[in-house]
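# Structural description and commentary
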Amino acid sequence: MKTQYYTASSLDGFIADPHDSLDWLFPLGDIETTSYPAFIREVGALAMGSATYEWMLQHVVGPGADHPQPWPYQQPAWVFTSRILPAVPGADIRFARGDVRPVHEAMVAAAGGKNVWIVGGGDLAGQFFDQSLLDEMFVQIGSVTLGAGKPLLPRTITSPPLRLVSARAVGTGFAELHYEVPAARQT
Ligand SMILES: NC(=O)c1ccc[n+]([C@@H]2O[C@H](COP(=O)([O-])OP(=O)(O)OC[C@H]3O[C@@H](n4cnc5c(N)ncnc54)[C@H](OP(=O)(O)O)[C@@H]3O)[C@@H](O)[C@H]2O)c1
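All of the points below concern the structure found in this document. (Residues numbered from 1 in each chain as written. Predicted model: local features only at pLDDT ≥ 70, side-chain atom pairs only at ≥ 80, totals over all residues. Heavy atoms only, no water.)

## Some thoughts on the environment of W117
Examined against the element boundaries, W117 turns out to sit in strand β6 (residues 115–120). The class of W117 is buried, set by a relative accessible area of 4%. In sequence terms W117 and I40 are 77 residues apart; their C-alpha atoms lie 8.6 Å from each other. Setting aside residues up to four positions removed in sequence, W117 forms contacts with Q4, Y6, Y36, F39, I40, V43, A45, L46, A47, Y73 and M107. (Helix = DSSP H or I, 4+ residues; strand = E, 2+ residues; numbered from the N terminus. Buried < 20%, exposed > 50% of the residue type's maximum accessible area, 1.4 Å probe, protein only. Contact = heavy atoms within 4.5 Å.)

## A word on the nonpolar core
The nonpolar side chains of soluble globular proteins are, as a tendency, buried together. Grouped together as the largest cluster of nonpolar side chains are 31 residues, with contacts concentrated most on M48, Y53, W71, Y73 and W117. When residues of this core are traced back to their parent elements, those giving at least two are β1 (3–10), α1 (36–41), β3 (43–49), α2 (50–61), β4 (77–80) and β6. The leading source of residues in this core is α2, at six residues. In contact with Y53, other than residues within four places in its own chain, are M48, W71, V79, L85, P86, A87, V88, I93 and F95. Counting residues in hydrophobic clusters, the runner-up holds 27 residues, among them A47, V103, M137 and I141. (Core = buried A, V, L, I, M, F, W, Y, C linked by side-chain atoms within 4.5 Å.)

## A short note on the environment of V43
Structurally, the position occupied by V43 is in strand β3. Every residue in contact with V43, bar those within four places of it in the chain, is listed here: Q75, K114, N115 and W117.

## Structural notes on the pattern of salt bridges
Throughout the structure, instances matching the rule amount to eight salt bridges. Of the charged contacts in the structure, one is a salt bridge between R163 and E180, with a shortest N-O distance of 2.8 Å. Of this pair, R163 sits in strand β9 (residues 163–170) while E180 sits in strand β10 (residues 174–180), placing them 17 residues apart in sequence. A relative accessible area of 49% means that R163 is categorised as partly exposed. A residue is classified by how much of its surface remains accessible, and E180, at 33% relative accessible area, is partly exposed. (Salt bridge = Lys/Arg side-chain N within 4 Å of Asp/Glu carboxyl O.)

## Focus on helix α4 (residues 122–130)
Turning to α4, its buried residues are G122, L124, A125, G126, F128 and F129. In the segment just after α4, S132 is the residue with positive phi, at about 55°.

## Re the sheet that holds β9
In spatial order, the strands read β5-β4-β3-β6-β1-β7-β10-β9; together these eight strands make up an open sheet with mixed pairing. For this open sheet the edge positions go to β5 (93–96) and β9, each flanked by a neighbour on one side alone. Strand-to-strand twist of the sheet, defined as the mean angle between neighbouring strand axes without regard to direction, takes the value 20°. Judged from the three bridges that link them, β1 and β6 form a sheet pairing that is parallel. By the bridge assignment, T3 is partnered in β6 with V116. Docked against the sheet, α2 engages β3, β4, β5 and β6, running at close to 100° with respect to β3. (Pairing = 2+ DSSP bridges. Axes fitted to C-alpha atoms, helices over the stretch in contact; angles between N-to-C directions.)

## What to know about α2
Owing to its 3.6 residues per turn, the α-helix brings residues three or four apart onto one side. Turning to α2, its buried residues number three or more, namely S50, Y53, W55, M56, L57, V60 and V61. On the buried face of α2, the contacting elements are β3, β4 and β5.

## Focus: the packing of aromatic side chains
Within the structure shown, the criterion is met by 14 aromatic pairs. Arranged with centres 5.7 Å apart and planes meeting at 85°, the rings of Y73 and W117 form a pair that is edge-to-face. With Y73 in the loop between α2 and β4 and W117 in strand β6, the pair connects residues that are 44 residues apart, well separated along the chain. With 6.2 Å between their ring centres and 90° between their planes, F80 and F128 make a pair best called edge-to-face. (Phe/Tyr/Trp six-rings, centres within 6.5 Å; stacked < 30°, edge-to-face > 60°.)

As structure tokens, then:
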């Protein structure tokens with residue numbers, strides 16, 4: 001069981017543009033040719049922040065989506081928010097707030113030996129890092145720059161640095177990077 005932050009990012013370190021748009025991402029390649037299909041098979045529970053959830057509601061699931069689709073995850077999903085947000089009928093979505101540690105404990109229990117996926121955003125992944133709960137990062141670096149937007153991981157991780165495990169080109173649109181994450185330095 002590993003706790004993994006798996007995401008796509010622009011070359012300059014943004015996972016969404018300043019308006020939470022991902023329009024830059026989808027033309028870069030076919031997700032089926034990336035490591036995602038193998039990755040998601042090993043995920044037993046996932047967590048996301050409210051901006052990511054609201055993006056899903058607006059663009060994937062909700063009535064406002066161009067082509068509304070079912071909630072894409074079979075795994076239990078935790079959504080971090082301080083607000084009351086709508087649920088998705090039939091989906092296993094649990095709302096949480098505050099300290100990530102008890103949620104992580106519940107996620108590990110629910111995952112049944114499979115991995116725990118921190119979907120994003122970057123600060124939520126950082127909250128798991130802060131508690132030394134993040135084991136690995138998988139970043140699909142897209143061949144674009146955005147100039148500004150939602151940060152990949154707004155933390156300082158320098159000493160010890162991340163440990164690069166592998167790097168792989170996916171067509172001309174992505175470089176897939178896999179890192180092991182050192183424990184957060186205790187101060
Ligand atoms: N490129 C990719 O592959 C990828 C992957 C994931 C996400 N994204 C996109 O990137 C953007 C991420 O947005 P974001 O950086 O704003 O991050 P986010 O984590 O999706 O949302 C942040 C919000 O979640 C809530 N939250 C976070 N931690 C919390 C805690 N411990 N307790 C209570 N609430 C908490 C807070 O909002 P409230 O309390 O106000 O609800 C916070 O403002 C989205 O547009 C998403 O669609 C892209």
